[in-house]
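# Structural features, examined
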Amino acid sequence: EAAVTQSPRNKVTVTGGNVTLSCRQTNSHNYMYWYRQDTGHGLRLIHYSYGAGNLQIGDVPDGYKATRTTQEDFFLLLELASPSQTSLYFCASSSGTGVYEQYFGPGTRLTVL
Amino acid sequence: GDSVTQTEGLVTVTEGLPVKLNCTYQTTYLTIAFFWYVQYLNEAPQVLLRSSTDNKRTEHQGFHATLHKSSSSFHLQKSSAQLSDSALYYCALAGNTRKLIFGLGTTLQVQP
C-alpha cells in the first residue's frame, strides 16, 4: 500500500501570509494530487501532476500554486492566504498504470486568521 | 461534464438494521472504475470498495455494491449496520483522465 505523508499537520497563518504545504509519497507513483475538503463541498481537486516538473490544473485552482520537484515530492503554495482558504488539505497519489485508486495522506489542517 | 450524485447528506440508522447509501452518476467517458471511499473521524479517506464490471457484486468489510450501468448506479449496502460504521462515505468514478470524480459525500450515523 502506498505511503503518503504530509507536513505540517496543522498550520495557522494570517491573512496575506505565505504558506507551503508539503507532500511526499514513497511508492514510486506517477500521479499526485492536492485536494481541499470542506463541509458541504466534499473533496475538491486543486492541482495534480503526472511527474516531476509537470502540473495540471484542477477544479478549484484560484489562489493556489503547486510544484512537483521530484517523483516523490509535491508542494502546494498559498502566496497570499485568505480566510476562504481555511480548510483541510489532502494529498493523494496513484500509480498511473492500470490501477486508478488514489491513496491519501493524513491531511493538513490550515487556518487563515 | 462528469458527475457523481449522492442524494443523502446524512443517513441515520439503528445498529443492526440494514443501510443503503445511494450513488448515481453521469459520464461521457468510457468509465474505467468506480469506488466507495470511507473516511473515519480525523482520518484520511481510504478505499472501501472498487468495481469496473457491470452487474457484478463486490464486497468488503460486510459492505457490498453492484455497478449497474443500465441505471448509472453504484449503491452501497450493508445488511446489519455497526456502531463502528459511522463515518463519511464518498462515491467516486474514474474516467480516462486519471482524475477521480467524487460525490459530495454521505455521513452515516449508526445509533445504539
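In this text, all values refer to a predicted model and were calculated from it rather than measured experimentally.

### Things to note about the overall build of chain B
What chain B contains, in helices and strands, is zero helices and twelve strands. Start at the N end of chain B and walk to the C end: the helices and strands fall as β-β-β-β-β-β-β-β-β-β-β-β. Computed over the C-alpha atoms, the radius of gyration of chain B is 13 Å, within 12% of the 13 Å expected from 2.2 N^0.38 for a compact globule of 112 residues. By the burial criterion, 50% of the 112 residues in chain B qualify as buried. Summarising the internal contacts of chain B: among those between residues at least 6 apart in sequence, 53% fall at separations of at least 24. In the structure as shown, chain B presents an accessible area of about 5,400 Å², 48% of it carried by carbon and sulfur atoms. For chain B, the distance from the average site of its 8 positive side-chain charges to the average site of its 7 negative ones is 9 Å.

### As for the state of the cysteines
All names here are of chain B. Within the structure shown, the criterion is met by two disulfides over all chains. Paired through a disulfide, C23 and C91 show a sulfur-sulfur distance of 1.9 Å. On the sign convention where negative is left-handed, the bridge of C23 and C91, at about -65° about the S-S bond, is left-handed. Pair noted here: C23 is in the loop between strand 3 (19-21) and strand 4 (24-26) and C91 is in strand 10 (residues 87-94), with a separation of 68 residues, a long-range link. Residue C23 shares its accessibility class with C91, and that shared class is buried.

### Some remarks on the interface of chain B and chain A
Each side of the interface is counted separately: chain B has 20 residues, and chain A has 22 residues. Together, R98, K99 and F102 of chain B form the three largest contributors to the area buried by chain B at its contact with chain A, with a combined 41%. At the boundary of chain B with chain A, the tally comes to two salt bridges. In this structure, the salt-bridge partner of R50 of chain B is E101 of chain A, at a minimum N-O distance of 2.4 Å. One can count five residue pairs in polar contact (both at pLDDT 80 or more) joining chain B with chain A.

### Section: the nonpolar core
Ranked by internal contacts, the top residues of the largest apolar core, which has 25 residues, are W36, L48, F74, L76 and Y89 of chain B. Here the element with the most residues in this core is strand 10 of chain B; it accounts for four residues. If you look at the next biggest cluster of nonpolar residues, it comprises 22 residues, including Y33, Y35, L43 and F104 of chain A.

### Overview of the pairing of strand 5 (residues 42-49) of chain A
On a regular strand, one side chain projects to one face of the sheet and the next to the other, so that they alternate. All names here are of chain A. The buried fraction of strand 5 amounts to seven of the eight residues, a majority that puts the element mostly inside the structure. Where strand 4 (residues 31-38) meets strand 5, seven bridges bridge the pair, whose relative direction is antiparallel. Note that in strand 5 the partner of Q37 across the bridge is L43. Counted along the chain from strand 4 to the antiparallel partner strand 5, the turn is three residues long, and its residue G40 has a positive phi close to 90°. Across two bridges, the pairing between strand 5 and strand 6 (residues 56-57) is antiparallel. Bridged to H47 within strand 6 is I57.

### Regarding unusual backbone geometry
Between S7 of chain A and the following residue, P8 of chain A, the backbone shows a cis peptide bond with an omega angle of -10°. Inspection of the secondary structure assignment puts P8 of chain A in the loop between strand 1 (4-7) and strand 2 (10-13). Even without being glycine, N55 of chain B reaches a positive phi, approximately 65°. Mapped onto the elements, N55 of chain B comes out in the loop between strand 6 (46-51) and strand 7 (57-60).

### Re the pairing of strand 9 (residues 87-94) of chain A
Residue and element names in this part refer to chain A. Burial analysis of strand 9 places eight of its eight residues in the buried class, the great majority of the element. Alternating positions in strand 9 separate into two faces, S87, Y89, C91 and S93 on one and L88, F90, A92 and S94 on the other, with burial throughout. Where strand 9 lies against strand 11 (residues 108-112), three bridges are found, and the strand directions are antiparallel. Bridge pairing links Y89 to T108 in strand 11.

### Overview of the environment of A66 of chain A
All names here are of chain A. Assignment of secondary structure puts A66 in strand 7 (residues 65-68). Residue class for A66 comes out buried when judged on its relative accessible area of 13%. Distance in space between the C-alpha atoms of A66 and H47 is 6.8 Å, their sequence separation being 19 residues.

Reading guide: rules and limits
Numbering of residues starts from 1 in each chain and follows the order in which that chain's sequence is written. Here every chain gets a letter starting at A, and every ligand a number starting at 1, in the order they are written. Local features in this predicted model are restricted to residues of pLDDT 70 or higher, and side-chain atom pairs are both shown and tallied only at a pLDDT of 80 or more, whereas totals for entire chains, interfaces and linings draw on every residue. Derived side-chain values reflect all non-hydrogen atoms in the structure, with water molecules and hydrogen atoms excluded from consideration. Helical segments are the DSSP runs of H or I of at least four residues, strand segments are the runs of E of at least two, and each set is numbered from the N terminus. Each radius of gyration is computed over the set of C-alpha atoms, and the globule rule expresses the reference value as 2.2 Å times the number of residues to the power 0.38. Under the scheme applied here, a residue whose accessible area is under 20% of the maximum for its type counts as buried, over 50% as exposed, and between as partly exposed, the area being computed with a 1.4 Å probe on protein chains only. Contact definition: two residues touch when any of their heavy atoms are within 4.5 Å. The protein chains shown are the only cover counted for residues, whose accessible areas, like all others here, come from Shrake-Rupley with a 1.4 Å probe. Two residue types count as positive, namely Lys and Arg, and two as negative, namely Asp and Glu; His and chain ends fall outside the count. A charge is said to be at NZ when it belongs to Lys, at CZ for Arg, at CG for Asp and at CD for Glu. What counts as a disulfide here is a pair of cysteine sulfur atoms lying within 2.5 Å. Note on definitions: buried area is the accessible-area loss of two parts on being combined, 1.4 Å probe, summed for both. The rule for a salt bridge is simple: a side-chain nitrogen of Lys or Arg has to be within 4 Å of a carboxyl oxygen of Asp or Glu. Any pair of N or O atoms that falls within 3.5 Å is considered a polar contact. Within protein, one atom must be able to donate a hydrogen and the other to accept it, and sequence-neighbouring residues count only if both atoms are side-chain atoms. Take the buried residues of types Ala, Val, Leu, Ile, Met, Phe, Trp, Tyr and Cys, join any two whose side-chain atoms come within 4.5 Å, and each joined set is a nonpolar core. At least two bridges found by DSSP between two strands are what make those strands a pair.

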